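Spelled out from the first residue to the last, the chains are:
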Amino acid sequence: MSKADVVIGCFYGDEGKGKVIDYLAMDADIAVRATGGDNAGHTIKIDGVKYAMHLIPSGILSGHTIGMIGNGVVLNPEVLLEEISNLKGHGYDVDRYLKISDKAHVILPYHPLLDMALEKNRSAKIGTTGKGIGPAYCDKYERSGLRVEDFYASDFKEKLRELTESRRALIKYYDSDNCLADQLLSFDKIYEVYAGYGEKIRPYVCDVLTCLHKALERGEKVLVEGAQATLLDIDFGSYPFVTSSNPTIGGVLTGTGLSASDIGNVYGVIKAYSSRVGEGPYVTELLDEIGDQIRELGHEYGTTTGRPRRCGWLDLVALKYAKRVNGLTALAVNHLDTIGKFDKIQVCVAYDCDGTVTEDFSTNLEFLGRAKPVYKELSGAFGDLAECRDFDMLPQAAKDYIRFIESYIGIPVKFIGTGADRRNMLVRE
Ligand code: GDP
Ligand code: IMO
Ligand code: MG
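Remember, predicted model here, so these are calculated numbers, not experimental data.

1. Points about the sheet that holds strand β9 (residues 205–206)
Argument step 1. Judged by pairing direction, the sheet is mixed, and its 10 strands sit side by side in the order β9-β7-β5-β2-β10-β1-β11-β15-β19-β20 without closing on themselves. With partners counted over all chains shown, the strands left at the sheet margins are β9 and β20 (425–427), one partner each.

2. Comments concerning the site of ligand 2
Argument step 1. Neighbouring residues of ligand 2: 20 residues in total, closest Lys-17, His-42, Thr-129, Gln-228 and Thr-243.
Argument step 2. Note that an oxygen atom of ligand 2 is positioned 2.5 Å from one of the side-chain N or O atoms of Thr-129.
Argument step 3. In the model, an oxygen atom of ligand 2 is placed 2.8 Å from a nitrogen or oxygen of the Gln-228 main chain.
Argument step 4. When ligand 2 sits alone it has 550 Å² of accessible area, and the protein chains cover 98% of it.

3. A short note on the site of ligand 1
Argument step 1. Around ligand 1 there are 19 residues in total, and Lys-17, Gly-41, Thr-43, His-335 and Asp-337 lie nearest to it.
Argument step 2. At a separation of 2.8 Å, an oxygen atom of ligand 1 approaches a polar backbone atom of Lys-17.
Argument step 3. One nitrogen or oxygen atom from the main chain of His-335 is found 2.8 Å from an oxygen atom belonging to ligand 1.
Argument step 4. Here ligand 1 loses 92% of its free accessible area of 580 Å² to cover by the protein chains.
Argument step 5. No other element matches the 3 residues that helix α1 (residues 17–24) contributes to the shell around ligand 1.

Rules and cut-offs
As a convention, each chain's residues are numbered from 1 in the sequence order in which they are written. Ligands are numbered from 1 and chains lettered from A, in the order in which they are written. The model is predicted, so local features are restricted to residues of pLDDT at least 70 and side-chain atom pairs to those at 80 or more, both for listing and for counting; the totals for chains, interfaces and linings are taken over all residues. Side-chain figures throughout are based on the complete set of non-hydrogen atoms in the structure, without hydrogens or water. Note on pairing: DSSP must find at least two bridges between two strands before they are called paired. A run of H or I in DSSP counts as a helix once it spans at least four residues, and a run of E counts as a strand once it spans at least two, with each numbered from the N terminus. Being near a molecule or strand, for a residue, comes down to having at least one heavy atom within 4 Å of it. Under this definition, polar contacts are N or O atom pairs within 3.5 Å; protein pairs additionally need one hydrogen-donor-capable and one acceptor-capable atom, and for neighbouring residues in sequence, both atoms have to be side-chain atoms. In short, Shrake-Rupley with a 1.4 Å probe defines the accessible areas, and a residue's cover is counted only from the protein chains shown.

Below, the structure written as structure tokens:
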């Protein structure tokens, strides 16, 4: 029996999980997504060609890794079919290497509209991606969601009709001027389009849980590609400024059917600084020109929505929390090249909350609103890292930065990103 390795985001998403998965996929038979939907955007650069993956696991880009979409994912078939066609255009044999769980829930046309209508009505905006993720998970937990297997059931048409018509009324309720409600197609049109989607994705549909367990029994290598991140978790994130799934380790299990004892390494991914897109608390956010510099140097604009990301220094208090929640066994630190462009780097080592200094994170919004970062200053000016091929080749200040993170968190930094391209990754044994 082999074990499944997991890649999880530690902060507010966009830590470079896709890049780490792309590296690990070189030796992997399967890469599986467990949670979220096309709110995710995982960027991989291969010899100058950029891939933005939203639904299909980035691991498929190895050319020999099967990409699986687990039961915990909410799947927009239109986005999926676009991704399939894009990958085929780049020469990938998607028909051979893509599998979709029959239990994944389907995003329907009213989900994004309802997402936007709900957001329009909120006094405290969440800043959702507008992809319909929250409403799709609402349907799932309210037990009326449409699953992939329902495409092929005899009551598909009736189920779709009931859902569409009841949600049409909901959109109207939340969207009093009916701008969004008017965008929802007639039921006949929705049925025609979705019945077509069902047929197009049929060849990929399978029982992902059984496939994963059989693969582990054969000793194959399975990777779980985390989406979103710990502080966006519906339970462990800065609620309500979170996504609607559990991107943490628990969601990995419920979103795939893997068991706790199937898990091997749990790699937590961070950037050498931090970023957040969307609303909500962010203790180390820099609202000054340094934040702007990080954004420009790191090209911090959302992969999914293009929104400018909020940027700040690395927060080790939050990272320690992510280690606890997920049982991280090692870290991947991306964008060492970007942070190394600053002469001096600040790293948050504690929070000062009205005179009480703590290293323990809490998602309580009042606590996060009052917490002031306590910084430790480290040296930057790393110079050009592009030619560094291993840890020993890094300049002393860069090594010190990595070692400082390790000593604070108490787990090794195994992967270090020194650029966006696939080859800019240092691996420590
Ligand atoms: P994900 O959602 O966690 O997969 O991350 P995203 O792809 O949304 O955002 C990470 C961004 O950082 C992408 O634009 C990557 O190409 C880029 N990136 C990842 N690692 C590095 C790195 O080490 N250095 C630089 N300069 N860019 C990186
Ligand atoms: P990856 O996998 C960054 C954020 C949104 C918003 C909140 C809720 O690329 O790291 P949602 O549409 O999920 O209801 O939005 O969550 N968000 C992400 N931020 N990276 C992501 O995914 C995200 N997925 C959701 O910006 O603040
Ligand atoms: Mg992303």
